Amino acid sequence: MSQFDLTGKIALITGASYGIGFAIAKGYAKAGATIVFNDIKQELVDKGLKAYEEEGIKAHGYVCDVTDENAVNEMAAKIEKEVGVIDILVNNAGIIKRIPMTEMTAQEFRQVIDVDLNAPFIVSKAVIPSMIKKGHGKIINICSMMSELGRETVSAYAAAKGGLKMLTRNIASEYGEYNIQCNGIGPGYIATPQTAPLREIQPDGERHPFDKFIIAKTPAARWGNPEDLEGPAIFLASDASNFVNGHILYVDGGILAYIGKQP
Ligand code: NAP
Ligand code: GCO
């Protein structure tokens, strides 16, 4: 049997109706896992269920706001009863607000921290006790380039994703002895609805300046596709990574290694 096989495993991927979460879930299904996902609205869950069905995947979808602790605890209990104990959790749901820091309200800052940092704490906390009882568990937090780097307008996002890197290391430290591995994936710039505004074609038909900037900053000279994250996510969910803990795997086409294309 392959070390990467996920047959018999139950995977919860948050915010996975589309985008990166959906691609990771697709990869897990191909590797044999049962897919459970949530999203914030019924219409998104319905859209997700249809998309999974079109891929030949029988997924279980739940409506749940990951920032609401009671709702998350209820969902975790329901999943355990209706599907089984969660073996793999991917904290994927996330938001970004691109606002210069001096123009950002404290409320806007808190909203980003709430979804991108507090929610992974809440959802992980909800699943860890059953993972301990079962004797194993995999938690994968979707971090970012902004776990390492700053840039204009993304103060809240960078603060949250930097915090998520440290939450990852702390979960690994605190629960490693229970055979729980908690690692992060730091995607580079991936073409999804979240980054669509940065890739918009300009009125003069030119590519967005940020789009050109990313190509020049990425040795691979392209944006990533959600599917580029499938393999790394399978690795971190499978027995192949049983002694990998507290690690952030950057899947960035080389951005963090590169100073950028010389002029
Ligand atoms: P996306 O296309 O915006 O998808 C994120 C999903 O999370 C959406 O379905 C969203 O629902 C859902 N969500 C937001 N708030 C939620 C909440 N409170 N409860 C439940 N679900 C919620 O994002 P993506 O680009 O696939 O990104 C997925 C993850 O990767 C995020 O954590 C993001 O920060 C991270 N990431 C993305 C990139 C990139 O380049 N795209 C790079 C590095 C890291 P709505 O549609 O209603 O908002
Ligand atoms: C931005 C982007 C990024 C990416 C990603 C990079 O505005 O700079 O949205 O933050 O989404 O997280 O890894």
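Attention here is on the structure that accompanies the text. (Residues numbered from 1 in each chain as written. Chains lettered and ligands numbered in written order. Predicted model: local features only at pLDDT ≥ 70, side-chain atom pairs only at ≥ 80, totals over all residues. Heavy atoms only, no water.)

## Let's talk about the pairing of strand β5 (residues 137-142)
Going by this rule: We call a residue buried when its accessible area falls under 20% of the maximum for its residue type, exposed when it is over 50%, and partly exposed in between, using a 1.4 Å probe and counting protein chains only. We count a stretch as a helix when DSSP gives it H or I for four or more residues in a row; a strand needs E for two or more, and each element gets its number in order from the N terminus. Strands qualify as paired when DSSP identifies two bridges or more between them. Orient the strands so they point away from the viewer; a crossover is then right-handed if the path from the first strand over the helix to the second runs clockwise.
Counting buried residues in β5 gives six out of six residues, a clear majority hidden from the surface. Burial along β5 is two-sided: G137, I139 and N141 facing one way and K138, I140 and I142 facing the other are all buried. Relative to β5, strand β4 (residues 88-91) runs parallel, the two sharing four bridges. Bridge assignment links L89 to a residue of β5, and that residue is I139. Between β4 and its parallel partner β5, the chain crosses via helix α4 (residues 106-134), and the hand of that crossover is right-handed. One ladder, built from six bridges, connects β5 with strand β6 (residues 180-187); its direction is parallel. When the bridges of β6 are listed, I139 appears paired with C182. Running through helix α5 (residues 155-175), the crossover from β5 to the neighbouring parallel element β6 is right-handed.

## What about the pattern of salt bridges?
To be explicit about the condition: Between Lys or Arg on one side and Asp or Glu on the other, a salt bridge is scored when a side-chain nitrogen of the former is within 4 Å of a carboxyl oxygen of the latter.
Within this structure, the stated rule accounts for nine salt bridges. For K165, the salt bridge is made with E148, and the minimal N-O distance between the two is 3.3 Å. Here E148 lies in the loop between β5 and α5 and K165 lies in helix α5, a separation of 17 residues in the sequence. Residue K165 is classed as buried on the basis of its relative accessible area of 13%. The closest approach of N and O atoms between D211 and R207, which form a salt bridge, is 3.3 Å. Note on R207: relative accessible area 41%, which makes it partly exposed.

## Overview of the pairing of strand β3 (residues 60-63)
As defined by bridge partners, strand β2 (residues 34-39) adjoins β3 across four bridges and the pair is classed as parallel. Residue pairing across strands places D39 opposite V63, the latter belonging to β3. Handedness of the β2-helix α2 (residues 42-54)-β3 crossover: right-handed.

## Quick look at α2
Definition in use: Expected helix span is taken as 1.5 Å per residue step, with the number of steps being one fewer than the number of residues. Think of it as the arc spanned by the lines of direction from the helix axis to the C-beta atoms. Working rule for contacts: check all heavy atoms of both residues, and any pair within 4.5 Å makes them a contact.
The terminal C-alpha atoms of α2 lie 18 Å apart, and with 13 residues this matches the ideal 18 Å at 1.5 Å per residue to within 8%. For α2, the full list of buried residues reads L44, V45, G48, A51 and Y52. Seen from one end, α2 has its buried residues packed into an arc of 125 degrees, which puts them on one side. Across from the buried face of α2, at angles greater than 90 degrees, the exposed residues are E43, K50, E53 and E54. Structurally, α2 contributes buried residues whose contacts are with α1 (19-30), β2 and β3.

## Focus on the packing of aromatic side chains
Cut-off, in case you're wondering: Stacked, edge-to-face and tilted labels apply to pairs of Phe, Tyr and Trp rings (six-membered ring for Trp) whose centres lie within 6.5 Å, assigned for plane angles under 30 degrees, over 60, and everything in between, in that order.
Scanning all chains against the criterion turns up six aromatic pairs. Taking the centre distance of 6.2 Å and the plane angle of 35 degrees together, the rings of Y175 and Y178 count as tilted. Ring geometry for Y189 versus F210: centroids 5.7 Å apart, planes at 55 degrees, classification tilted. Within this pair, whereas Y189 is found in the loop between β6 and α6 (209-217), its partner F210 is found in helix α6, the two being separated by 21 residues in sequence.

Note that all results are geometric; they support no functional claim without further evidence.
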